[in-house]
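Understanding the architecture of this molecule
Read off the chains here:
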Amino acid sequence: MSRLRRWYLTQQPWESPQLQAERVGEVIGKLIANALTALVIADLLLRVYGK
């Protein structure tokens, strides 16, 4: 277990919690943007083909 853990730590560059939080924020922002885009497209399709 300790060997595996040491390997994992050497593979992963250590990041400050601030950097990790920024990355999480970016991912959440992209997910929200994608969801909004999907809603806009669905709304347009319903307006065009829903009549």
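Throughout what follows, the structure given in this document is the object of discussion. (Residues numbered from 1 in each chain as written. Predicted model: local features only at pLDDT ≥ 70, side-chain atom pairs only at ≥ 80, totals over all residues. Heavy atoms only, no water.)

**A word on the pattern of salt bridges**
Applying the stated criterion across every chain yields a total of one salt bridge. Of the charged contacts in the structure, one is a salt bridge between D43 and R47, with a shortest N-O distance of 3.1 Å. With D43 and R47 both in helix α2 (residues 17-49) and four residues apart, this pair spans about one turn of that helix. (Salt bridge = Lys/Arg side-chain N within 4 Å of Asp/Glu carboxyl O. Helix = DSSP H or I, 4+ residues; strand = E, 2+ residues; numbered from the N terminus.)

**Let's talk about a nonpolar patch on the surface**
Together, V24, I28, I32, L36 and L39 make up an exposed nonpolar region whose accessible area comes to about 480 Å². You can see L36 is positioned in helix α2. Classification of L36 by relative accessible area gives exposed; the value is 51%. (Patch = residues over 30% accessible without salt bridge, like charges linked within 9 Å, V, L, I, M, F, W, Y side chains within 5 Å. Areas by Shrake-Rupley, 256 points an atom, 1.4 Å probe, with all protein chains shown as cover. Buried < 20%, exposed > 50% of the residue type's maximum accessible area, 1.4 Å probe, protein only.)

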